[in-house]
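Each chain, letter by letter, is given below.
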Amino acid sequence: MTNLAPVAAQLEAQAIELPSWAFGNSGTRFKVFGTPGTPRDPFEKISDAAQVHKHTGLAPTVALHIPWDLVDDYSALRAHAENEGVSLGTVNSNTFQDDAYKFGSLTHVDAAVRRKAIDHHFACIDVMDETGSRDLKIWLADGTNYPGQGDMRGRQDRLSESLSEIYARLGDEQRMVLEYKFFEPAFYHTDVPDWGTSYAQVVALGDKASVCLDTGHHAPGTNIEFIVMQLLRLGKLGSFDFNSRFYADDDLIVGAADPFQLFRILFEVVRGGGLNNPDVAFMLDQCHNVEDKIPGQIRSVLNVQEMTARALLVDREALDAAQAAGDVLAANAILMDGFYTDVRPALAEWRESRGLPADPMAAYAASGYQTTIAESRVGGVQAGWGA
Ligand code: PSV
Ligand code: MN
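What counts as what
Residues numbered from 1 in each chain as written. Chains lettered and ligands numbered in written order. Predicted model: local features only at pLDDT ≥ 70, side-chain atom pairs only at ≥ 80, totals over all residues. Heavy atoms only, no water. Helix = DSSP H or I, 4+ residues; strand = E, 2+ residues; numbered from the N terminus. Rg over C-alpha atoms; globule rule 2.2 N^0.38 Å. Buried < 20%, exposed > 50% of the residue type's maximum accessible area, 1.4 Å probe, protein only. Core = buried A, V, L, I, M, F, W, Y, C linked by side-chain atoms within 4.5 Å. Contact = heavy atoms within 4.5 Å. Salt bridge = Lys/Arg side-chain N within 4 Å of Asp/Glu carboxyl O. Near = heavy atom within 4 Å. Polar contact = N/O pair within 3.5 Å; in protein donor to acceptor, adjacent residues only side chain to side chain. Areas by Shrake-Rupley, 256 points an atom, 1.4 Å probe, with all protein chains shown as cover. Nonpolar A, V, L, I, M, F, W, Y, C, P; charged D, E, K, R; others polar. Pairing = 2+ DSSP bridges. Axes fitted to C-alpha atoms, helices over the stretch in contact; angles between N-to-C directions. Donors = N, O, S within 2.8 Å, 3.2 Å for Na, K, Ca; no water. Tetrahedral: all angles 85-135°; square planar, octahedral: opposite > 155°, others 65-115°. Phe/Tyr/Trp six-rings, centres within 6.5 Å; stacked < 30°, edge-to-face > 60°. Lys NZ or Arg CZ within 6 Å of the ring centre and 35° of its normal. Right-handed = clockwise from strand over helix to strand, strands pointing away.

Caption draft 1: A look at the overall build of the chain. A tally of regular secondary structure across the chain gives 14 helices and 10 strands. Whereas a compact globule of 387 residues would reach a radius of gyration of roughly 21 Å, the chain reaches 21 Å, a difference of no more than 12%. The C-alpha extent of the chain, read off along each of the three principal axes, is 60 × 60 × 40 Å. Burial status across the chain gives 53% buried among its 387 residues.

What follows is the structure, given as structure tokens:
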């Protein structure tokens, strides 16, 4: 069996943040399928997220999305989370579901709309003050659908001004991460389409701003691990939104569509010093449209853990030597040895040694939690994108 001892300390320290919205209903523009037991409010979402941590030891924090996770009393939500054994993490802003934002939010030509969007971010920072969250994550739906529709340069300038105002409001211990996405919902141009644009914007802001890399937000064939390497090299990789995709922004279980890509990304994370580095937050950004949500999240964090273990097991000394010697095939073989190492039996044993279930998926299924929530959560409105 694979010997995990040399990498156990790093595995032990790994933490992956869960998105509250993964526990609510989601779907496509064709249909949203509800599932029995879906949370009706943020408290129930946190309880579900805590199940993932309980069975894996990997997911101690939960990201919130405002206003989907609006509550009257954040200290009560915080206490509830702590009671469940988790804590509240990143706060995500939302400037994509209001009629006012049809033609943009932080980039809008109308100062009144920009004001509204900036004020929303101030409100998110107020929430962070109460929840003790460190990070404000900004993803913008801003962009245009037709050439000529907008002045791309002017929009970039307004974005910069708006972000500066938000940045100035951050506390000393707080950060902003700016996420990029190459298309959707805008189809001609997006105002933060790529890592370079996000980087240019956050560098202008200062040390407390960095880039969020969502693994599903690149054109097919993009070498994402190169971007990871570059952002780590520049000290500006603030966070990951992990998920996987076959076609567009599919938000599928991380590592499901392309495990090898996940391995390559994690190898660059390890090599670049981004693993268990407080500056680089690991988060999931996924939606479970047809599978059960809690086991979907359990599967996801396990996939990240498995690929992290494989990346850590790559013989770096031998790899460096092969690279230095120009031995192309040996270098490639050393990396592939890491990828092809089946770490699952060793991880199962290691989990048990830490008092965790060897098979978290099976343990969750046997726990009866899914039946309990399906039977007890009767009435009310199931949470989704908008509740
Ligand atoms: C929309 O593409 C998106 O999935 C972004 O990736 C954000 O991180 C997420 O929604 C939550 O706002
Ligand atoms: Mn994302």
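Caption draft 2: Inspection of the nonpolar core at higher detail. If you look at the biggest cluster of nonpolar residues, it comprises 95 residues, and the most contacted ones within it are F240 and F282. A total of 9 residues in this core trace back to one element, the largest contributor, which is helix α9 (residues 293-313). Look past the residues within four positions of F240 in its chain and what remains in contact with it is L213, T215, V228, I265, V269, V280, A281, F282 and M283.

Caption draft 3: Representation of the pattern of salt bridges. Summed over all chains, the structure comprises 21 salt bridges. Ionic pairing is found between K116 and D98, a salt bridge with its closest N-O pair at 3.1 Å. One end of the pair, K116, is in helix α4 (residues 111-131); the other, D98, is in the loop between β3 (87-92) and α4, and 18 residues separate them in sequence. A salt bridge links K137 to E179; the shortest N-O distance between them is 3.7 Å. Pair noted here: K137 is in strand β4 (residues 135-138) and E179 is in strand β6 (residues 175-179), with a separation of 42 residues, a long-range link. With respect to burial, K137 and E179 carry one shared label: buried. One salt-bridge network, in which partners are shared between bridges, spans R40, E44, D48 and R377.

Caption draft 4: How the structure looks around the site of ligand 1. The immediate surroundings of ligand 1 are formed by 13 residues, with H65, E179, K181, D249 and D285 found nearest. Between ligand 1 and D241, the relevant distance is 3.1 Å, taken from an oxygen atom to a side-chain nitrogen or oxygen of the residue. Starting from 300 Å² of accessible surface for ligand 1 in isolation, the protein chains cover 97%. Here the shell around ligand 1 is composed, by residue class, of 3 nonpolar, 2 polar and 8 charged.

Caption draft 5: Layout of the sheet that holds strand β9 (residues 237-242). On the basis of which strands lie adjacent, the open sheet formed by 8 strands has the order β1-β2-β3-β4-β6-β8-β9-β10 and parallel pairing. Taken across any chain shown, the strands that pair with only one partner, and hence form the sheet edges, are β1 (18-19) and β10 (281-284). Where β6 lies against strand β8 (residues 209-214), 4 bridges are found, and the strand directions are parallel. Bridging from a neighbouring strand, L178 pairs with V211 of β8. The strands touched by helix α6 (residues 195-205) within the sheet are β6 and β8, with β8 carrying the most contacts at an inclination of about 160 degrees. Sheet contacts for helix α7 (residues 224-234): β8 and β9; angle to β8, the most-contacted strand, approximately 165 degrees.

Caption draft 6: Highlighting the coordination of the manganese ion (ligand 2). Donor atoms from the polypeptide that bind the manganese ion (ligand 2) are E179 (OE), D214 (OD), D241 (OD) and D285 (OD), placed at 2.1 to 2.2 Å. The site at the manganese ion (ligand 2) holds 6 donor atoms, and with the angles between them running 73 to 164 degrees, its shape is octahedral. Every donor residue of the manganese ion (ligand 2) comes from the same chain, spaced as E-x34-D-x26-D-x43-D. Within this pair, whereas D214 is found in strand β8, its partner D285 is found in the loop between β10 and α9, the two being separated by 71 residues in sequence. The same class applies to D214 as to D285, namely buried.

Caption draft 7: Molecular detail of the packing of aromatic side chains. A complete count under the given rule lists 17 aromatic pairs for this structure. Summarising the aromatic geometry, the rings of F246 and Y247 are spaced 6.4 Å apart at their centres and angled 45 degrees between planes, so their arrangement reads as tilted. There is no split in this pair, since F246 and Y247 are both exposed. One aromatic cluster is present, built from ring pairs that chain together W21, W68, F96, W139 and W385. Between K208 and the ring centre of Y167, over which it is positioned, the NZ or CZ distance is 5.6 Å. The ring of F260 carries the charged tip of R264 above its face, separated from the ring centre by 4.6 Å.

Caption draft 8: Here's a closer look at the pairing of β3. Most of β3 is tucked away, with 5 of its 6 residues classed as buried. The pairing of strand β2 (residues 61-65) with β3 spans 4 bridges and is classified as parallel. Within β3, the residue paired with H65 across the bridge is N92. In terms of handedness, the path from β2 via helix α3 (residues 74-84) over to β3 forms a crossover that is right-handed.

Caption draft 9: Spotlight on the pairing of β6. The element β6 is extensively covered by neighbouring structure, given that 5 of its 5 residues are classed as buried. Taking every second residue as pointing to the same face, both faces of β6 are buried, with R175, V177 and E179 on one and M176 and L178 on the other. Examined bridge by bridge, β4 and β6 share 4 bridges and lie parallel to one another. Paired with L136 across the strands is M176, a residue of β6.

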